[in-house]
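# Observations on the model geometry
Each chain is listed here by its residues.
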There are 2 protein chains.
Amino acid sequence: MEPAFFPRIAVVGVGLLGGSLGLAARQRKLCREVIGVGRSRPALEEALRLEAVDQVSTDLAEGVADADLIILCTPVGHILDTLPQVLAAAKPGAIVTDVGSTKSAIVRAGEETATRLGKLFVGSHPMAGSEKSGVRYAKPDLFEESTCFVTKTTQTDPLAFSSVCRFWMALETRLVLCRPERHDRLVALVSHLPHMVAVALVQAVESLGEDKNLIRGIIGNGFRDTTRIAHGSADMWEDICAQNNGEIANVRKAFDDAVARVFDSIQNQDPALKAMLQNASEYRGFLDNH
Amino acid sequence: MEPAFFPRIAVVGVGLLGGSLGLAARQRKLCREVIGVGRSRPALEEALRLEAVDQVSTDLAEGVADADLIILCTPVGHILDTLPQVLAAAKPGAIVTDVGSTKSAIVRAGEETATRLGKLFVGSHPMAGSEKSGVRYAKPDLFEESTCFVTKTTQTDPLAFSSVCRFWMALETRLVLCRPERHDRLVALVSHLPHMVAVALVQAVESLGEDKNLIRGIIGNGFRDTTRIAHGSADMWEDICAQNNGEIANVRKAFDDAVARVFDSIQNQDPALKAMLQNASEYRGFLDNH
């Protein structure tokens, strides 16, 4: 299989993900140049200084017009808003993809608009990143060993799909190929649910009115790990929740049931608790073995 | 203030905590020798080989009889069971303490028995450890920078209390001094609640019946961090839950309310969600700043 190569790659949104994509694509020579497109001049200048991009533009249509691969790296709400404009400005044969954490709404809009305009769109979601944001945290190996979803529907162009898959494989991600709806169900479970549970844990601690400095003094690694992701971007997560609230409601039901089982068995001193603890310990141990 | 020094320290239970205490006390010369007491001959031999202890004994009464400081490092249920025997065997003037994760029941039993026998007991809880267990993971710096509770009641002997505090300070823990009931309330919040929530998260994921290998392939750092502690010892946590179920029920209520607030606002697309996400992000960020 030929390695992925796109003469020009445009990255729309040069934050942690966009910046890391630029660094990775340049370092691995997957392109001749990377154009960073964004609204914030200081962020674009920082991206240039960090050599994450070769050129920058604050004009969306102009920035993407000459690119062979356009990757939308803005928050999910913004991806939906800019898709029509980006597809309209993309040159014939250029492939548009994204890194959004939800896929159903984005892929539906992207593929419908692409079909109508004779352009190409394929949905992606590399599960990389952290609670940090901004191009200053960008690093070329951010995607290595991470999972990357690429979505396929009956409307997806097979050659564009294959090119996008080869691009993410060149970054050493583990590809998972599925329908957008299946993606949204899986990430609701392994990403959105844990995030919201971490938020609820922090809220619970705060609601009991203990002194913040005392809490800071007594928390250990358990609390730190369990709630780390709650220190994420509220804007980003508001968008994700809005776009995936149906699937989040489904997994919430499963979580509520599990909480009831675990805490009821504690309160009732039910011997079933031990089996639950053992079972969770084994399952969690399994997830760490590669 | 004089540094803590006890000619002989007996560690009952040579697992991760007991082994680390032996290593730390020997390295910092807080004693002339450490006696490891336990039921498992292989664990005791490993502790000797790792130089966590100088001597070993499988006889509880004999092992602790000559010690000036006796530290109970077995699971919390076992601490309660052995307290009377240990206090009876302790020589006059020896101080008995423990590392149990719950304090009300242990301190009540320990101080009552000590008073009756003319012996000394002070409750401790160093919040160190991990999801790993066993003396092979012991390390002399396990307690450094960790929080250590020492409990005080109207029955606590002031000199013994001061000696135990100086011992933990010599290991560079951050001391928190409070009543046993206050300890149990605080650890229910920052330790027992997150553990049970992590268990419930793993249970929720498993309950949806997705393929385990697929789940392993798609989880990211968020899910890993949030559920890491669920991979702990079921025996240990069963004991903790049994001894602290009243306080766990209290914090469960706060958590249930927080879960309802967060997930209802997602389902209802309530603008209040954004404020909750921001608030949790700020609070969690505060907890990381030292």
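First things first, this report covers the structure right here in the doc. The residue numbering used here restarts from 1 in each chain and proceeds along that chain's sequence as written. As they are written, the chains are lettered A onward and the ligands numbered 1 onward, keeping that order. Residue-level local features of this predicted model are given only where pLDDT is at least 70; pairs of side-chain atoms are given and counted only at 80 or more, and the full residue set underlies all totals for whole chains, interfaces and linings. Excluded from the side-chain calculation are hydrogens and water; included are all heavy atoms of the structure.

Turning next to the overall build of chain A. The helix and strand labels rest on DSSP assignments: H or I over at least four residues marks a helix, E over at least two residues marks a strand, and numbering proceeds from the N terminus. Scanning chain A for helices and strands turns up twelve helices and nine strands. Based on the C-alpha atoms only, the size of chain A along its principal axes is roughly 65 × 45 × 35 Å. Of all 290 residues assigned to chain A, the portion counted as buried reaches 58%. By definition, residues are in contact when any of their heavy atoms lie within 4.5 Å. Across chain A, contacts joining residues at least 24 apart in sequence account for 75% of those joining residues at least 6 apart. To measure how exposed things are, a 1.4 Å probe is used in the Shrake-Rupley method; for residues, cover is taken only from the protein chains shown. Accessible surface, chain A: about 11,500 Å² in total, of which carbon and sulfur atoms supply 48%. Per-residue accessibility, obtained with a 1.4 Å probe over protein chains only, is compared with the maximum for each type, and a residue is labelled buried under 20%, exposed over 50%, and partly exposed between these values.

All names here are of chain A. Counting through the fold element by element, Thr-102 comes out in the loop between strand E5 (95-98) and helix H5 (104-117). Looking at Thr-102, the relative accessible area reads 1%, which means it is buried. For the purposes of these results, a polar contact is taken to be a pair of N or O atoms within 3.5 Å, where, inside protein, one atom must be able to donate a hydrogen and its partner to accept one; residues adjacent in sequence count only when each atom of the pair is a side-chain atom. Separated by 2.6 Å, the side chains of Thr-102 and Gln-243 make a polar contact. Ignoring any residue separated from it by four or fewer positions in sequence, one finds Thr-102 in contact with Val-76, His-183, Asp-184, His-192, Ile-240, Gln-243 and Asn-244.

A few words on the sheet that holds strand E2 (residues 33-37) of chain B. Residues and elements named next belong to chain B. Strand order in the open sheet made by the six strands is E3-E2-E1-E4-E5-E6, with parallel pairing throughout. In the strand order of this sheet, the two ends are held by strand E3 (55-57) and strand E6 (120-121), each with one partner. We call two strands paired when DSSP finds no fewer than two bridges between them. Note: strand E1 (residues 8-12) against strand E4 (residues 69-72), four bridges, orientation parallel. In the strand pairing of E4, Val-12 is matched with Leu-72.

A few words now on the interface of chain B and chain A. Taken together, the contact pairs 84 residues of chain B with 84 residues of chain A. Once two parts are brought into contact, the accessible area they lose, counted with a 1.4 Å probe and summed over both, makes up the buried area. Between chain B and chain A the total buried area reaches about 8,800 Å² when both faces are included, carbon and sulfur atoms providing 66% of it. When a carboxyl oxygen of Asp or Glu is within 4 Å of a side-chain nitrogen of Lys or Arg, the pair counts as a salt bridge. Taken together, the links from chain B to chain A amount to 14 salt bridges. Across the salt bridge formed by Asp-225 of chain B and Arg-228 of chain A, the nearest N and O atoms sit 3.1 Å from each other. For the side of chain B that touches chain A, the secondary structure elements donating two or more residues are strand E8 (147-151), strand E9 (174-178), helix H7 (180-207), helix H8 (212-218), helix H9 (221-227), helix H10 (234-243), helix H11 (245-267) and helix H12 (272-288) of chain B. Among the elements that take part in the side of chain B that touches chain A, H7 of chain B stands out by supplying 18 residues, more than any other. Classifying every residue of the side of chain B that touches chain A gives 46 nonpolar, 19 polar and 19 charged. Gly is placed with the polar residues, together with every amino acid not listed as nonpolar (Ala, Val, Leu, Ile, Met, Phe, Trp, Tyr, Cys and Pro) or charged (Asp, Glu, Lys and Arg).

Time to look at the packing of aromatic side chains. Two rings belonging to Phe, Tyr or Trp (six-membered ring only in the last case) form a pair when the distance between their centres is within 6.5 Å. Interplanar angles under 30 degrees mark stacking, angles over 60 mark edge-to-face geometry, and anything in between is tilted. Going through the model one piece at a time under the given rule, you end up with seven aromatic pairs over all chains. Judged by centre distance (5.3 Å) and plane angle (70°), the rings of Phe-167 of chain A and Trp-168 of chain A are edge-to-face. Neither residue differs from the other here; Phe-167 of chain A and Trp-168 of chain A are each classed as buried. Both rings, one in Phe-255 of chain A and one in Phe-255 of chain B, keep their centres 6.2 Å apart while their planes meet at 85°; by these two values the pair is edge-to-face. In this pair, Phe-255 of chain A sits in helix H11 (residues 245-267) while Phe-255 of chain B sits in helix H11, so the two residues belong to two different chains.

In this section: the packing of H7 of chain B against H10 of chain B. What describes two packed helices is the angle between their axes and the distance between those same axes. All names here are of chain B. Lines fitted to C-alpha atoms define the axes, with helix axes restricted to the stretch in contact, and inter-axis angles between N-to-C directions lie between 0 and 180 degrees. It is the contact of H7 with H10, at a shortest axis distance of 12 Å, that shows an interaxial angle of 125°. If you check the angle between H7 and H10, you find them oblique. For the pair H7 and H10, the crossing hand works out as left-handed. Across the interface between the two elements, Ser-191, His-192, His-195 and Met-196 from H7 touch Trp-237, Ile-240 and Cys-241 from H10. Here the residues of the contact of H7 with H10 sort into four nonpolar, three polar and no charged. Throughout this description, any angle smaller than 35 degrees is read as roughly parallel, any larger than 145 degrees as roughly antiparallel, any in the 65 to 115 degree range as roughly perpendicular, and the remainder as oblique. Here is the rule for handedness: rotate from the far helix to the near one, and if that takes an anticlockwise turn smaller than a right angle the crossing is left-handed, while a clockwise turn gives right-handed.

This paragraph deals with the pairing of E1 of chain B. Residues and elements named next belong to chain B. Taking burial as the measure, the five residues of E1 include four buried ones, the bulk of the element. Two strands pair when backbone bridges link them, and E1 and E2 are joined in this way by five bridges, in the parallel orientation. Bridged to Ala-10 within E2 is Ile-35. Place the viewer so that the strands point away; then a crossover is right-handed whenever the path from the first strand over the helix to the second strand goes clockwise. The parallel pair E1 and E2, bridged by helix H1 (residues 16-27), forms a crossover whose chirality is right-handed.

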